[in-house]
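# Structure assessment
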Amino acid sequence: MKQFAIIGLAPFGIRMLEQLSLITRDIIIIDKNPDVINLYKDLAREAFIMDEVNEKVLYKIIPPEIDAAILDLGSSLEAAIMITNYLKKLQVKEIIVKADNDQQGDVLKIVGATKVVFPDQETAKSLTPLLASASLFKYMPVSTTLVMAELLIPPDLAGKTAREANVRKNYGINIIAIRHENEKEFQMLPHADYVFLPDDVILVAGIPSKIQALVAEGEVEHASGLRNFFKFMFSSRL
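Bear in mind the structure is a predicted one, so any value in this text is a computation, not a measurement. (Residues numbered from 1 in each chain as written. Predicted model: local features only at pLDDT ≥ 70, side-chain atom pairs only at ≥ 80, totals over all residues. Heavy atoms only, no water.)

## Concerning the packing of aromatic side chains
Here is the rule: The aromatic pairing rule takes the rings of Phe, Tyr and Trp, using the six-membered ring of Trp, and pairs them if the centres are within 6.5 Å, calling planes under 30 degrees apart stacked, those over 60 edge-to-face and the rest tilted. The helix and strand labels rest on DSSP assignments: H or I over at least four residues marks a helix, E over at least two residues marks a strand, and numbering proceeds from the N terminus. Three exposure classes are used, based on accessible area relative to the maximum for each residue type with a 1.4 Å probe and protein chains only: buried under 20%, partly exposed in between, and exposed over 50%.
Inspection of the entire model under this criterion finds two aromatic pairs. Consider the rings of Tyr59 and Tyr86, whose centres lie 6.4 Å apart with planes at 80 degrees: the pair is edge-to-face. Separated by 27 residues along the polypeptide, Tyr59 in helix α3 (residues 55-61) and Tyr86 in helix α4 (residues 77-89) bring together distant segments of the chain. Under the relative-accessibility criterion, Tyr59 is labelled partly exposed at 29%. The exposure class of Tyr86 is buried, given its relative accessible area of 9%. Between Tyr194 and Phe196 the ring centres are 5.9 Å apart and the planes differ by 80 degrees, which places this aromatic pair in the edge-to-face class.

Dropping the structure here:
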């Protein structure tokens, strides 16, 4: 199960916490406001009230195996820069930082942010599935009824031909293109007798619930949480 740290519970940090908590409670939250921590502590495994810029304490709180850290320090660019740099020193795999504009984003990337996001309502919707799933590489909501996604072929389909898998009939989605995991370029599915390999990545399109079913097929551990997440994500607005 993936582990997350959310540092700073400003609006974007709160939205990410609410959506990630639908899938896992393996979340650490940090904020200097005790009222905010008390309000959201039940959604996380651990909650800390502290000055987020305390480097020594941050090192003790953030485990080395953490999968991703999400920063939302409100309007404090200086704090975001410092903490991003600390997390880079800790070799955190994914450092996702909220910024207000492109100039701030450029600075945050220089000091170690792996991804900079901007405070629009769709960001958390697009980002959370990628963090929650090990087999989902891209997730692009086109509308509330159509999604495009890039995902690793589910293990149950590896070894089957495209005709045998019959993804359109069995899952109600369309395979647009295919590539191997170690390749960048997609190509059209060669033919119905093509045999899916374990490292095949497919680009698919369909309604959110159908995409969810195919993702959960390869992630039994997360299946229930993913179902809840997709149900929430497309039945309400951020």
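## Comments concerning the nonpolar core
This is how it is decided: Put simply, a nonpolar core is a bunch of buried Ala, Val, Leu, Ile, Met, Phe, Trp, Tyr and Cys residues held in one set by side-chain atoms that sit within 4.5 Å of each other. Only heavy atoms enter the contact rule, under which two residues are in contact if any of them lie within 4.5 Å.
Counting 24 residues, the largest nonpolar core has Ile7, Ile30, Ile62, Leu71, Ile83 and Leu87 as the members making the most contacts within it. For this core, the elements supplying multiple residues, two or more each, are β1 (4-7), β2 (27-31), α3, β4 (68-71), α4 and β5 (94-98). Take this core: its biggest share by element is five residues, from α4. Dropping the residues within four chain positions of it, Leu71 is found in contact with Ile7, Ala80, Ile83, Thr84, Leu87, Ile95, Ile96, Val97 and Lys98. Among the nonpolar cores identified, the runner-up in size contains 20 residues, and Tyr139, Ala149, Tyr171 and Leu214 belong to it.

## Let's talk about helix α5 (residues 102-111)
As a reminder of what qualifies: Taken from the helix axis, the directions to the C-beta atoms give the arc we talk about. Any pair of nitrogen or oxygen atoms within 3.5 Å is treated as a polar contact; in protein, a donor-acceptor pairing is required on top of that, and neighbouring residues in sequence qualify only through side-chain atoms on both sides.
Listed as buried for α5 are Gln104, Gly105, Leu108 and Val111. Projected down its long axis, α5 shows its buried positions confined to an angular sector of 130 degrees, all on one face. Set apart from the buried face of α5 by more than 90 degrees, the exposed residues are Asp102, Gln103, Lys109 and Ile110. Against the buried residues of α5 lie α4, β5 and β6 (115-117). At the N-terminal boundary of α5, the capping side chain belongs to Asn101, with an oxygen 3.2 Å from the backbone nitrogen of Gln103. Just downstream of α5 lies Gly112, where phi reads positive at about 135 degrees.

## Section: the environment of Thr84
Topologically, Thr84 is positioned in helix α4. For Thr84, the side chain forms a polar contact with the main-chain oxygen of Ala80, separated by 2.6 Å.

## Thoughts on the sheet that holds strand β9 (residues 174-180)
Where we set the bar: Should DSSP find at least two bridges between two strands, the strands are regarded as paired. Under this scheme, a helix contributes an axis fitted over its contacting stretch, all axes are lines through C-alpha atoms, and angles between N-to-C directions fall in the 0 to 180 degree range.
Strand order in the open sheet made by the four strands is β7-β8-β10-β9, with antiparallel pairing throughout. Of all the strands in the sheet, just β7 (136-143) and β9 have a single pairing partner and so form its edges. Going across the sheet, the axis of each strand differs from the next one's by a mean of 15 degrees, ignoring polarity. Where β9 and strand β10 (residues 200-206) come together, six bridges link them in antiparallel fashion. Bridged to Asn174 within β10 is Ala205.

## Section: the pairing of β5
Inclusion rule: With its strands directed away from the observer, a crossover is right-handed exactly when the path from the first strand over the helix to the second travels clockwise.
Summarising burial for β5: four of the five residues are buried, a large majority. Of the pairings in the sheet, the one linking β4 to β5 comprises four bridges and is parallel in character. Its bridge partner lying in β5, Ile70 is registered against Ile96. This β-α-β element, β4 to α4 to β5, shows right-handed connectivity. Across three bridges, the pairing between β5 and β6 is parallel. Looking at β6, one finds that Val97 is bridged to Val116. Between β5 and its parallel partner β6, the chain crosses via α5, and the hand of that crossover is right-handed.

## Section: α4
For the α-helix, the turn length of 3.6 residues means that residues three or four positions removed from each other point alike. Put simply, the rule reads: Working rule for helices: expected span equals 1.5 Å times residues minus one.
Helix length check: α4, at 13 residues, gives a terminal C-alpha distance of 19 Å against a target of 18 Å (1.5 Å per residue), a fit within 8%. Taken residue by residue, α4 has Ala79, Ala80, Ile83, Thr84, Tyr86 and Leu87 as its buried positions. Within α4, the buried residues cover an arc of 160 degrees as seen down the axis, which keeps them to one side. Summarising the geometry of α4, the exposed residues directed more than 90 degrees from the buried face are Glu78 and Lys89. Residues of α4 that are buried in the fold lie against β1, α3, β4, β5 and α5. Just downstream of α4, Gln91 is the residue with a positive phi angle, here 65 degrees.

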